[in-house]
Amino acid sequence: MNAPTDTTHLLPHVQLRPVPDAFLAALSARFGAQYSAAQAVREQHGRDEGSLQAPPPSAVVFAESTQDVADAVQLAAQYEVPVIPYGAGSSLEGHLLAIQGGVSIDVSRMNKILSVNADDLTVTVQPGITRKQLNEAIKDTGLFFPIDPGADASIGGMASTRASGTNAVRYGTMRENVLALEVVTASGEVIRTGTRAKKSAAGYDLTRLFVGSEGTLGVFTEVTVRLYPLPEAVSAAICSFPSIEAAVRTVIQTIQLGVPIARVELIDANSVRMVNAHSKLDLREETMLLMEFHGSPAGVKEQAETVQQIADEWGGKAFEWAVTPEERTRLWTARHNAYFAAVQSRPGCRAISTDTCVPISRLADALLDSVTDADASGIPYFLVGHVGDGNFHFGYLIDPEVPEERVKAEALNHALVERTLRLGGTCTGEHGVGVHKMGFLLEETGAGAVAVMRSIKQALDPKNILNPGKIFSL
């Protein structure tokens, strides 16, 4: 690949804004032990799981209530200091980087369930609760929250990035599952959007506007989400294939036949090999589909038999079932650990992750050409995908001390996104834009759409203090 050798264009543009001592003193006076300017705390809150780096924020506030968030934002607005919301720190696109300096507002202590409305299938929570904490707390109700991005992300963070994950093919994304929000705006005002009702035609849909805004329009302090009944029967299966194309064709045919499969994940042979080493498993080191079926016992059996027949047509073999909760947990834990298994396969590396999504009919075209490019590059990589909805992730494993590897990986990413857009897809299916995908947003949506987004940002955040420098530049 004829990529440039100067890597400065690949790094976040850092332009620190002044953080007055008077502002830090006011924060310390207001928050006491909930305030920290310790170097280690600041560094923890100045990075995510992605590969980009920037100087840490000047301070961290550990919010414990909506009023705490409002007071912190009001002080930031008074001194025109940037505010970066922080949940679990599991994002991948540089969302947490303090590229213009400022203060991090950590909402992880705001992790309470405020109300469970089992009859209406809704729950209202504070933003710091994680998806695993939520499901553990409500398991006795016979309900669950299905959105599963892999990492044990916070509900507020998942709403802010419009996350989805392994269950999206059946249950949708955070876009469809967030009903209402409590938000602290750039002025420190507390507003509410939406209700627990399943639909509304009252004015602008502010909930949808804030969901996916990545902390650039407000800080979430309450989130109301949909719940679903626990399925009567659940069954999981794995199946190995002679090629990525065979696995993808199986998925496409399954979706087009209308089989209501709950999860279908693709794992390439590289990923299986890494997962085996990390999780001490003995899975066949070939392209694999990991599937899950929800419903009645008869319905699950029918779905599984249909998919098995389709897989047989495409050369699928070693179809193995996991019926008990322990067996299913073992398989899904291995899938969720794929990222960490890959990173550990090359000590000291960082992963540059892709997040493209295409119409399901174009999935094979997008994947096969991208695999060819990745193999030719010589960069170690892994491939996993929520292929039931056309979303997949390459992880290019680079040595951060070798600039040429980052250049190659970013060139692969750029070619992948270009290919995806040509096929009618998007540069990000679930991770969000953050810093890393800002350049692709303009190409995908066009200058007019980005101008509208900028106008919304300027109207709601005229001082540009809410997570500035993310999604697009002002």
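The present account deals with the structure reproduced in this document. Everything numeric in this text was worked out from a predicted model, so none of it was measured.

## Some details on the overall build of the protein
(1) Moving on: Across its full length, the protein holds 17 helices and 19 strands.
(2) Moving on: Taking 2.2 N^0.38 as the reference for a compact globule, 474 residues should give roughly 23 Å; the C-alpha atoms of the protein span a radius of gyration of 22 Å, in line with that estimate.
(3) Moving on: Overall size of the protein, expressed as C-alpha extent along the three principal axes, is 70 × 60 × 45 Å.
(4) Moving on: Within the protein, buried positions represent 55% of all 474 residues.
(5) Moving on: In the protein, once contacts between residues fewer than 6 apart in sequence are set aside, the share between residues at least 24 apart is 73%.

## A short note on the side chain of D355
(1) Moving on: Locating D355 in the fold gives a position in the loop between β16 (350-353) and β17 (356-357).
(2) Moving on: No salt bridge is formed by the buried D355. Its closest oppositely charged neighbour is K437, at 5.2 Å.
(3) Moving on: A distance of 3.5 Å separates a polar atom in the side chain of D355 from a polar atom in the side chain of H393.
(4) Moving on: Side-chain polar atoms of D355 contact the backbone nitrogen of H431, separated by 2.7 Å.
(5) Moving on: Beyond its immediate sequence surroundings of up to four residues, D355 is in contact with N391, F392, H393, C427, T428, G429, E430, H431, G432 and K437.

## Describing helix α3 (residues 66-79)
(1) Moving on: Look at α3: 20 Å from first C-alpha to last across 14 residues, which is about the 20 Å you get at 1.5 Å a residue.
(2) Moving on: Burial runs high along α3: ten of the 14 residues are buried.
(3) Moving on: Among the residues of α3, those classed as buried are T66, D68, V69, A70, D71, A72, V73, L75, A76 and A77.
(4) Moving on: Structurally, α3 contributes buried residues whose contacts are with α1 (21-31), β3 (83-86), β4 (103-106), β8 (178-184), β9 (190-194) and β10 (219-226).

## So, the pattern of salt bridges
(1) Moving on: Inspection of every chain in the model, using the stated rule, returns 23 salt bridges.
(2) Moving on: As a salt-bridge pair, R406 and E410 come within 3.5 Å of each other at their nearest N and O atoms. One end of the pair is R406 and the other is E410, both in helix α15 (residues 403-422) and four residues apart, which spans about a single turn. Across the pair, exposure class does not vary: R406 and E410 are buried alike.
(3) Moving on: Each of R131, D148, R263 and E292 takes part in a single network of salt bridges with overlapping partners.

## Examining the sheet that holds β8
(1) Moving on: Strand order in the open sheet formed by five strands is β5-β6-β10-β8-β9, with antiparallel pairing between adjacent strands. Lying at the two open borders of the sheet, with one neighbouring strand each, are β5 (113-117) and β9. Adjacent strand axes in the sheet meet at a mean angle of 10 degrees when their direction is disregarded.
(2) Moving on: Here strand β6 (residues 122-125) runs beside β10; their pairing, made up of four bridges, is antiparallel. When the bridges of β10 are listed, T124 appears paired with T224.

## Considering the nonpolar core
(1) Moving on: Membership of the largest hydrophobic core comes to 43 residues, with the highest contact counts inside it found for L289, M291, F394 and Y396.
(2) Moving on: Non-local contacts of L289, meaning those with residues more than four positions away in its chain, are made with A237, I238, C239, F241, A247, T250, V251, V264, E265, L266 and V387.
(3) Moving on: In terms of nonpolar packing, the next biggest core, distinct from the first, is built from 27 residues, F31, Y35, A59 and L466 among them.

## Quick look at the packing of aromatic side chains
The relative placement of two aromatic rings is captured by the distance of their centres and the angle of their planes.
(1) Moving on: Counting across every chain of the model gives ten aromatic pairs.
(2) Moving on: When the centroid spacing of 5.3 Å and the interplanar angle of 50 degrees are considered together, the rings of F319 and W321 count as tilted.
(3) Moving on: What makes F319 buried here is its relative accessible area of 17%.
(4) Moving on: Taking 6.4 Å as the distance between ring centres and 75 degrees as the angle between the ring planes, the aromatic pair formed by Y339 and F382 counts as edge-to-face. Residue Y339 is found in helix α13 (residues 338-344), and its partner F382 is found in strand β18 (residues 381-386); the two are separated by 43 residues along the sequence.

## Describing α1
(1) Moving on: Taken together, the buried positions of α1 are F23, L24, L27 and F31. Here the buried residues of α1 occupy an arc of 95 degrees about the axis, which is enough to place them on one side. Turned more than 90 degrees away from the buried face of α1 sit D21 and A29, all of them exposed.
(2) Moving on: Close packing links the buried residues of α1 with β1 (35-36), β2 (59-62), α3 and β4.

## Focus on the packing of helix α9 (residues 244-256) against helix α11 (residues 297-313)
(1) Moving on: Look at α9 against α11: their axes get within 9 Å of each other, and the N-to-C directions meet at 140 degrees. Relative to α11, the element α9 is oriented oblique. Between α9 and α11 lies a crossing whose hand is right-handed. Judged by residue contacts, T250, Q253 and T254 of α9 engage V307, I310, A311 and E313 from α11.
(2) Moving on: In terms of residue class, the contact of α9 with α11 is made up of three nonpolar, three polar and one charged.

## Things to note about the environment of S243
(1) Moving on: Checked against the element boundaries, S243 lands in the loop between β12 (233-241) and α9.
(2) Moving on: Judged by its relative accessible area of 29%, S243 is partly exposed.
(3) Moving on: Considering only alpha carbons, one finds S243 and D268, 25 residues apart in sequence, at a separation of 8.9 Å.
(4) Moving on: Among the polar contacts made by the side chain of S243, one reaches the main-chain amide nitrogen of A246 at a distance of 3.1 Å.

The rules behind these values
Residues numbered from 1 in each chain as written. Predicted model: local features only at pLDDT ≥ 70, side-chain atom pairs only at ≥ 80, totals over all residues. Heavy atoms only, no water. Helix = DSSP H or I, 4+ residues; strand = E, 2+ residues; numbered from the N terminus. Rg over C-alpha atoms; globule rule 2.2 N^0.38 Å. Buried < 20%, exposed > 50% of the residue type's maximum accessible area, 1.4 Å probe, protein only. Contact = heavy atoms within 4.5 Å. Lys, Arg positive; Asp, Glu negative; His and termini not counted. Salt bridge = Lys/Arg side-chain N within 4 Å of Asp/Glu carboxyl O. Polar contact = N/O pair within 3.5 Å; in protein donor to acceptor, adjacent residues only side chain to side chain. Expected span 1.5 Å × (residues − 1). Pairing = 2+ DSSP bridges. Axes fitted to C-alpha atoms, helices over the stretch in contact; angles between N-to-C directions. Core = buried A, V, L, I, M, F, W, Y, C linked by side-chain atoms within 4.5 Å. Phe/Tyr/Trp six-rings, centres within 6.5 Å; stacked < 30°, edge-to-face > 60°. Arc of directions from axis to C-beta. Parallel < 35°, antiparallel > 145°, perpendicular 65-115°, else oblique. Left-handed = near helix turned anticlockwise from the far one by under 90°. Nonpolar A, V, L, I, M, F, W, Y, C, P; charged D, E, K, R; others polar.

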